[in-house]
Amino acid sequence: MINKFKHPRNFMILLILLFVVIIGASISGSANITASNSIKIIFSRIPVFGEGIDLTDIPKSHLTIVHNIRLPRILLSFIVGFGLSVVGVALQGLLKNPMADPFIMGTSSGAALGAAIAILLKLNMAFLGVGIISVFAFFGALLATFIVYQLAKVKNKVPVTTLLLGGIAVGQLFTAMMSFIMVISSKDVTSIVYWTMGSFSSRGWNHIQVAVLPIFLGTAIIYIFAKDLNILLLGESTAQNTGVEVEKVKGIILAISALVTAFAVSVSGIIGFVGLIIPHIVRMLVGPDHRILIPASGLLGGIFLIVADTLARTMISPTEIPVGIITALAGGPFFIYLLRNSKRAI
Amino acid sequence: MKNSISTKAITFKYDESTIVDEISLQVKSGSFLTIIGPNGSGKSTLLKLIAANLTPDEGTILINDRQLTSYKMKDLAKEMAVVPQDTNVAYDFDVFDIVLMGRNPHLKRFQKEGDADFAIVRDAMEQTNTWHLRERKVNEISGGERQRVIIARALAQQPKIILLDEPTSSLDIHHQIEVLELLKRLNQEKEVTIVAVLHDMNLAARYSQEVLLLHVGKIITMGKTEDVMTVENLQRAYKMEMIIQRNIYTNALEVIPLSLSAKKEKRTNKKIHLVCGGGTGKELLQHLLEEGYKVSMGVVNVGDSDWELGKLLAIPMAEEKPFSEISEEALGKAEKLANESNLSIMTSVPIGWGNIKNLQLVKNQLQQSKKVFLYKQNLWGERTDFTEGRGNALIEELKSLGLQEISTMEELLNQLGEYK
């Protein structure tokens with residue numbers, strides 16, 4: 001009860017942090033762009049509000065760099081981080097399992113297999129402005145989730161344990177198939193490995209167009225069930241007896257989670273760790289109430305991924321590090337630190 | 001009166017084994033029913049079926065005369081709350097928030113809890129004595145406290161029916177009684193229908209008007225507590241020897257388990273006559289029966305606590321009127337019982353002018369060179385002679401005739417075992 005009065009303030013802090021991180025990310029890189037110019041460029045893109053901003057004294061190249069290269073990456077990493085974290089929160093709550101993350105239902109291996117097939121078949125054409133690899137990854141992810149869901153279903157119910165085990169089994173199977181592709185086509189190994197580690201390199205506005213609506217819409221739907229997710233933490237039977245249509249909620253959240261994850265994966269590759277640790281960190285900060293946890297995790301997850309991507313492209317520039325490496329490298333130790341210092345059990 | 005719960009031939013199977021077998025029952029609105037039965041009799045499963053957590057393979061369930069399957073979960077939760085056996089909560093909520101979740105069925109999806117909801121939650125928490133825990137984390141409080149919190153959550157639903165699965169299993173005796181008194185009050189004052197699975201038959205007998213006795217998925221009997229809680233019924237379910245009596249303090253029926261009836265192989269034909277009184281023979285009597293001996297008793301006065309137990313266990317006894325001196329007639333009967341026995345045991349019963357003739361009985365046995373043990377415990381203190389020395393003198397005389405004194409139960413049973 002006491003916490004609830006602090007929450008508006010917490011959200012303000014997160015929003016300010018988001019703004020600072022976006023500006024920070026937009027000025028990091030080899031081109032030397034000042035913060036004020038960057039702010040001007042970004043604000044000028046906001047409809048109505050931005051029309052009065054004067055950009056005449058900013059070099060054209062800077063306009064292009066910020067607007068066409070950095071800003072889409074920043075926004076895309078925010079969207080992906082937002083989606084993965086919200087899905088992570090929802091699945092950890094729904095499955096009552098702190099190990100749950102967006103990829104728990106075999107999503108990542110399905111996507112990886114899809115991408116590997118596309119890379120193997122040299123499918124380089126674009127679809128709706130997005131590479132065919134993304135499309136294959138998207139359907140691979142959905143296929144894996146669908147198989148896991150069907151496997152786990154017993155008499156119209158989806159028991160959590162079978163779902164988790166099904167996810168592991170199908171994940172292993174798909175990973176094995178992907179490894180097989182890598183073995184028979186050794187020249188594609190580098191591309192496949194890079195893809196599986198996730199990256200926002202050379203992503204543009206077209207990727208945002210594909211991902212933004214499904215991810216925000218999906219997370220909004222998940223938010224509708226925030227109260228039900230709270231009650232589900234008391235156990236499925238108790239939740240049912242407290243008026244939650246458990247199997248319906250489960251079905252919707254699993255389906256939405258799969259879709260959101262598939263969209264995220266299709267534009268960024270597999271970025272691990274965000275969807276696992278951000279929910280835990282935020283839970284430690286604001287408590288387990290999903291009505292606050294979901295938006296807060298989304299914001300922090302987005303911020304975290306912007307920072308990670310900025311590090312990925314600047315640390316050993318001009319070489320790009322796959323962002324998945326950064327998230328694991330930075331997130332892992334920080335998470336362990338939090339675990340050791342937190343009196344609260346996960 | 002209308003029915004709160006009614007089931008028609010519901011059957012539930014796990015794989016091939018039938019857990020609940022064609023159970024039909026009616027629970028009238030405003031009743032307090034407890035379900036008892038041994039482990040694996042299907043109590044919890046039956047409760048889960050009624051709670052809609054499980055779906056029966058066959059049969060139908062009506063809640064307030066409406067098909068259970070036709071309810072929306074929210075509407076059902078307004079009618080019926082459930083307190084489960086497992087009260088673990090996955091992540092750490094404040095206790096207050098947990099109880100507040102009980103208001104969910106009464107709120108629309110985006111509706112915030114209002115003052116009325118907070119008042120109801122507070123009331124529920126005060127009734128369950130959990131208000132002081134409101135700011136604690138639910139996983140930091142003890143199991144018993146959590147159980148009461150979950151009951152408070154159920155109360156916050158303001159249901160007309162409450163189902164409880166062993167609500168007192170992790171509570172200490174104080175909180176057990178507190179929870180059951182609370183349920184009784186809700187039942188009587190607010191006419192909430194209560195259905196509880198209880199392991200403890202004595203609590204079941206004390207608090208509920210009706211009892212349902214289950215055994216391997218079938219109803220043995222259901223009805224008024226007095227009609228269900230009989231030795232005959234309970235033996236069918238629990239397969240053991242027991243005594244049912246009215247507790248002298250609460251006047252509730254009370255089950256006293258004695259021994260497993262399965263010890264049949266131990267049966268011997270050996271008969272033992274017991275000379276006791278004043279409660280000195282109670283423990284011994286039960287041990288002897290457990291070991292399979294046939295026991296007779298006497299002379300004891302009617303109303304004596306040894307006599308009461310003997311009566312409950314249907315022991316052949318030579319009786320004398322309450323507080324009266326042993327008559328020749330009673331003594332004669334006792335002599336007859338003792339003569340039919342292989343040996344006798346005398347306890348360290350206090351000797352007064354009323355029962356001193358029992359020593360004569362012992363003497364007669366010894367003179368027939370039959371074995372008599374003196375089981376000396378001093379249950380009533382060092383002094384056992386209230387006849388100015390006569391008693392003690394007689395006992396010394398008996399000892400010289402072969403009365404063997406033994407002071408521990410173990411040794412006594414040992415000696416009995418060796419005695420042919």
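What you see is a predicted model; the values in this text were computed from it and never measured.

A. How the structure looks around the overall build of chain B. Looking only at helices and strands, one finds 15 helices and 18 strands in chain B. Taken against the 2.2 N^0.38 rule, which gives 22 Å for 420 residues, the C-alpha radius of gyration of chain B at 29 Å runs more than 25% over that of a compact globule. Oriented by its inertia axes, the alpha-carbon framework of chain B measures out at about 90 × 45 × 40 Å. By residue count, 41% of the 420 residues in chain B fall in the buried class. Considering only residue pairs separated by 6 or more positions, chain B has 65% of its internal contacts joining residues 24 or more positions apart.

B. Broad picture of the overall build of chain A. Each helix and strand counted, chain A has 14 helices and 2 strands in total. Radius of gyration (C-alpha) of chain A: 20 Å, near the 20 Å computed for a compact globule of 346 residues. When the backbone C-alpha atoms are referred to their principal axes, chain A occupies close to 65 × 60 × 40 Å. Across the 346 residues in chain A, those meeting the buried criterion constitute 50%. Residue pairs at least 24 apart in sequence account for 76% of intrachain contacts in chain A once pairs closer than 6 positions are excluded.

C. Highlighting the interface of chain B and chain A. Listed as interface residues are 24 residues of chain B and, on the opposing side, 21 residues of chain A. For the side of chain B that touches chain A, the elements supplying multiple residues, two or more each, are helix 2 (73–79), strand 6 (80–83) and helix 3 (95–100) of chain B. With 3 residues, the single largest contributor to the side of chain B that touches chain A is helix 2 of chain B. Split into classes, the residues belonging to the side of chain B that touches chain A amount to 14 nonpolar, 4 polar and 6 charged.

D. Spotlight on unusual backbone geometry. Residue V299(B) follows G298(B) across a cis peptide bond; omega there is 0°. Within the secondary structure layout, V299(B) lies in strand 14 (residues 294–301). For K96(A), which is not glycine, the phi dihedral falls at a positive 50°. Considering the arrangement of structural elements, one finds K96(A) in the loop between helix 3 (60–94) and helix 4 (107–120). Positive phi values are uncommon outside glycine, yet N251(B) reaches one of about 60°. In this structure, N251(B) sits in the loop between strand 11 (240–246) and strand 12 (253–260). Here N251(B) falls in the exposed class, since 9 other C-beta atoms lie within 10 Å of it.

E. The arrangement of the domain arrangement of chain B in detail. Partitioning chain B into structural domains gives domain 1 (3–258) and domain 2 (263–418). Here the C-alpha centre of domain 2 of chain B lies 48 Å away from the C-alpha centre of domain 1 of chain B.

F. Here's a closer look at the sheet that holds strand 10 (residues 218–224) of chain B. Residue and element names in this part refer to chain B. The 6 strands are arranged 6-7-8-3-9-10 in an open sheet whose pairing can be described as mixed. In the strand order of this sheet, the two ends are held by strand 6 and strand 10, each with one partner. Sheet twist, expressed as the average angle between the axes of neighbouring strands with direction ignored, equals 15°. Here strand 9 (residues 210–215) runs beside strand 10; their pairing, made up of 6 bridges, is antiparallel. Looking at the pairing, H215 lines up with K218 of strand 10. Lying over the sheet, helix 5 (residues 143–156) contacts strand 6 and strand 7 (161–165), oriented at roughly 175° with respect to strand 6.

G. Expanded view of helix 12 (residues 328–340) of chain B. All names here are of chain B. Taking 1.5 Å as the rise per residue, helix 12 with 13 residues should run 18 Å; its terminal C-alpha atoms sit 18 Å apart, in good agreement. Among the residues making up helix 12, those that are buried are A330, A334, L337 and A338. Buried residues along helix 12 cover an arc of 100° about the axis, so they all sit on one side. Turned more than 90 degrees off the buried face of helix 12, the exposed positions are E328, E329 and E340. In this structure, the buried residues of helix 12 make contact with strand 13 (271–275), strand 14, strand 15 (317–320), strand 16 (343–347) and helix 13 (357–367).

H. Geometry of the sheet that holds strand 18 (residues 404–406) of chain B. All names here are of chain B. Strand order in this open sheet of 6 strands is 15-14-13-16-17-18, and the pairing throughout is parallel. The outermost strands of the open sheet, each flanked by one partner alone, are strand 15 and strand 18. Going across the sheet, the axis of each strand differs from the next one's by a mean of 20°, ignoring polarity. The pairing of strand 16 with strand 17 (residues 372–375) spans 4 bridges and is parallel. For M346, the partnering residue across the bridge sits in strand 17 and is L374.

I. Here's a closer look at the environment of M182(A). All names here are of chain A. By secondary structure assignment, the location of M182 is in helix 6 (residues 160–184). The sequence separation of M182 and A31 amounts to 151 residues, and the corresponding C-alpha distance is 37 Å. If we skip the residues at most four places from it in the chain, M182 touches A116, V189 and I192.

J. Here's a closer look at the UniProt feature "domain: ABC transporter" (unreviewed entry) in chain B. Per the UniProt record, "domain: ABC transporter" (unreviewed entry) is annotated on residues 5–241 of chain B. Note that residues 5–241 of chain B is 35% helix and 27% strand, and that its end C-alpha atoms are spaced 34 Å apart.

K. Representation of the nonpolar core within the structure. Among the nonpolar cores identified, the biggest contains 183 residues, and A115(A), V99(B) and L163(B) are the most heavily contacted of them. The greatest single-element share of this core, amounting to 16 residues, is contributed by helix 3 of chain A. Judged by nonpolar contacts, the second largest core, of 38 residues, contains L274(B), A330(B), V349(B) and L416(B).

L. Seen up close, the pairing of strand 17 of chain B. All names here are of chain B. Side chains V372 and L374 project from strand 17 onto one buried face, and the interleaved F373 and Y375 project onto a second face that is buried too. One crossover worth recording links strand 16 to the parallel strand 17 by way of helix 13, and it is right-handed. Direction of pairing for strand 17 relative to strand 18: parallel, over a ladder of 3 bridges. Bridging across to strand 18, F373 finds its partner in Q404. Where the polypeptide runs from strand 17 across helix 14 (residues 390–400) and back to strand 18, its parallel neighbour, the crossover connection is right-handed.

M. Looking closely at the packing of helix 3 of chain A against helix 13 (residues 290–314) of chain A. Residues and elements named next belong to chain A. In contact at an axis separation of 7 Å, helix 3 and helix 13 are set at 140° when each is read in the N-to-C sense. By the angle between their axes, helix 3 is oblique relative to helix 13. Viewed along their axes, helix 3 and helix 13 form a crossing whose handedness is right-handed. On helix 13, the residues that touch R73, I74, S77, F78, V80, G81, F82, L84, S85, V86, V89 and G93 of helix 3 are H290, L293, I294, S297, G298, L300, G301, G302, F304, L305, I306 and D309. Here the residues of the contact of helix 3 with helix 13 are counted per class, giving 13 nonpolar, 9 polar and 2 charged.

N. Highlighting the confidence of the model for chain B. For chain B, the mean per-residue pLDDT works out to 88, and 98% of the residues sit at or above 70. Across the assembled chains, the prediction reports ipTM 0.78 with pTM 0.78.

O. Here's a closer look at the packing of helix 2 (residues 35–44) of chain A against helix 3 of chain A. Residue and element names in this part refer to chain A. In the contact formed by helix 2 and helix 3, the axes pass within 10 Å of each other and the chain directions differ by 65°. With respect to helix 3, the axis of helix 2 lies roughly perpendicular. Along this stretch, helix 2 crosses helix 3, giving a crossing that reads as right-handed. Together, N37, S38, I41 and I42 of helix 2 and H62, L63, V66, H67 and L71 of helix 3 make up the contact between the two elements. Looking at the contact of helix 2 with helix 3 residue by residue, the class counts come to 5 nonpolar, 4 polar and no charged.

Conventions adopted
- Residues numbered from 1 in each chain as written.
- Chains lettered and ligands numbered in written order.
- Predicted model: local features only at pLDDT ≥ 70, side-chain atom pairs only at ≥ 80, totals over all residues.
- Helix = DSSP H or I, 4+ residues; strand = E, 2+ residues; numbered from the N terminus.
- Rg over C-alpha atoms; globule rule 2.2 N^0.38 Å.
- Buried ≥ 20, exposed ≤ 12 C-beta atoms within 10 Å, placed from the backbone.
- Contact = placed C-beta atoms within 7 Å.
- Nonpolar A, V, L, I, M, F, W, Y, C, P; charged D, E, K, R; others polar.
- Domains from an automatic or database assignment.
- Pairing = 2+ DSSP bridges.
- Axes fitted to C-alpha atoms, helices over the stretch in contact; angles between N-to-C directions.
- Expected span 1.5 Å × (residues − 1).
- Arc of directions from axis to C-beta.
- UniProt positions renumbered as here; feature names shortened; annotations may be inferred.
- Core = buried A, V, L, I, M, F, W, Y, C linked by C-beta atoms within 7 Å.
- Right-handed = clockwise from strand over helix to strand, strands pointing away.
- Parallel < 35°, antiparallel > 145°, perpendicular 65-115°, else oblique.
- Left-handed = near helix turned anticlockwise from the far one by under 90°.
- pLDDT = per-residue confidence, 0-100.

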